[in-house]
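Structural overview for review
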Amino acid sequence: MAFLTVKDLVLAYDRKIIAENIGFTVNEGDYLCIVGENGSGKTTLMKTLLGLQQPYSGEIVFGDGIRKNEIGYLPQQTDIQRDFPASVREIVFSGLQAKAGMRPFYRKYEKEEALRNMERLDIAELSKRSYRELSGGQQQRVLLARALTAAGKLLLLDEPVSGLDPIVTKEMYQVISDLNRNGTTIMMISHDIGQALKYATHILHIGDMTFFGTCDEYLASPLGRMFTAGVTEVQV
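Described below are features of the structure shown in this document. These figures come from a predicted structure and were not determined experimentally.

Moving on to the overall build of the protein. A tally of helices and strands in the protein yields 10 helices and nine strands. Taking 2.2 N^0.38 as the reference for a compact globule, 236 residues should give roughly 18 Å; the C-alpha atoms of the protein span a radius of gyration of 18 Å, in line with that estimate. For the protein, the spread of C-alpha atoms along the three principal axes comes to 50 × 40 × 35 Å. Counting the 236 residues in the protein, one finds 50% classified as buried. Look at the contacts in the protein between residues 6 or more apart in sequence, and 66% of them connect residues 24 or more apart.

Across the sheet, six strands lie side by side as S5-S6-S7-S3-S8-S9; this open sheet has mixed pairing. Bordering the open sheet on either side are strand S5 (71–74) and strand S9 (211–214), each of which pairs with just one other strand. Direction aside, neighbouring strands of the sheet carry axes that sit 15° apart on average. Where S5 lies against strand S6 (residues 154–158), four bridges are found, and the strand directions are parallel. Paired with Tyr-73 across the strands is Leu-156, a residue of S6. In this fold helix H1 (residues 42–49) packs onto strand S3 (31–35), S5, S6, strand S7 (185–189) and strand S8 (202–205), with an angle of close to 140° to the strand it touches most, S7. Packed onto the sheet, helix H6 (residues 136–150) meets S5 and S6 and runs at close to 160° relative to S5.

This part covers H1. In terms of burial, H1 is largely enclosed, as six of its eight residues are buried. Looking only at H1, the buried set comprises Lys-42, Thr-44, Leu-45, Met-46, Thr-48 and Leu-49. A positive backbone phi angle near 80° is found at Gly-51, which sits one or two residues after H1.

To continue, consider unusual backbone geometry. You will see that Asp-8, though not glycine, has its phi angle at about 50°, which is positive. With a relative accessible area of 59%, Asp-8 lands in the exposed category. Even without glycine at this site, Arg-15 takes up a positive phi of about 70°. For Arg-15, the position within the fold is in the loop between strand S1 (4–13) and strand S2 (16–26). Look at Arg-15 and you get exposed, because its relative accessible area is 84%.

Let us now look at the sheet that holds S2. The strand order across the open sheet built from three strands is S2-S1-S4, with neighbouring strands paired in antiparallel fashion. Strand pairing shows two members of the sheet lacking a second neighbour, S2 and strand S4 (57–62), which therefore form its edges. Taking the axes of each pair of neighbouring strands and ignoring which way they run, one obtains an average angle of 25° across the sheet. Pairing analysis gives seven bridges linking S1 to S2, with the strands arranged antiparallel. Bridge assignment links Thr-5 to a residue of S2, and that residue is Thr-25. Each of S1, S2 and S4 is contacted by H1, which is oriented at about 120° to S1, the strand it contacts most.

The next point concerns the side chain of Asp-158. With respect to the helices, strands and loops of the structure, Asp-158 is situated in strand S6. Among buried charged residues, Asp-158 stands out as having no salt bridge; its nearest opposite-charge side chain is Lys-47, 6.7 Å away.

Analysis parameters
- Residues numbered from 1 in each chain as written.
- Predicted model: local features only at pLDDT ≥ 70, side-chain atom pairs only at ≥ 80, totals over all residues.
- Heavy atoms only, no water.
- Helix = DSSP H or I, 4+ residues; strand = E, 2+ residues; numbered from the N terminus.
- Rg over C-alpha atoms; globule rule 2.2 N^0.38 Å.
- Buried < 20%, exposed > 50% of the residue type's maximum accessible area, 1.4 Å probe, protein only.
- Contact = heavy atoms within 4.5 Å.
- Pairing = 2+ DSSP bridges.
- Axes fitted to C-alpha atoms, helices over the stretch in contact; angles between N-to-C directions.
- Lys, Arg positive; Asp, Glu negative; His and termini not counted.
- Salt bridge = Lys/Arg side-chain N within 4 Å of Asp/Glu carboxyl O.

This is the structure in structure tokens:
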């Protein structure tokens, strides 16, 4: 059974329908990029999948025993969050809260998992540093480590490279790709169609028209050809 199956989903914001006829599946090991015009409902879709808001209509089914506390989420960061006065270790360890439930402590293996994720994201040496003192790229690595710590199987990312310079952006895309190659299933909102096609296995395009399929199928579709017109870096 698929990790996630969505059928005939309709999204609304302030009671106004913003996207409809959305259907797709996510299987273990997939790397799905969600693309579309600004305001097409990409972030609304992700919040709906997380249960942070209700769908207007349609069906969302999680399979393979996935629970809400096994889904990691990296939202777009606000200016207030960038100035959060906590250590790197504290922020990464906070990703364990959903797994701990009502327990007032983290188990040894949970702490070890968090520390491993800090190593994977190359931020272990920043453990005692204040989050607010880090660069934008370092902060995103910390938040990604937190989301990975919270995730058992599935990681949802909302524009994870937003506001980063080109060099750090390239590094972040590579980090996320490495996570996927090592077994983490990825769903990522991206405005960069070139990079989406370079790294993803599947594309979900939402807006006035919708599409779901592989990258090759997207490039061959009328919607894909229209949306990628003028893109200089499309590497599949």
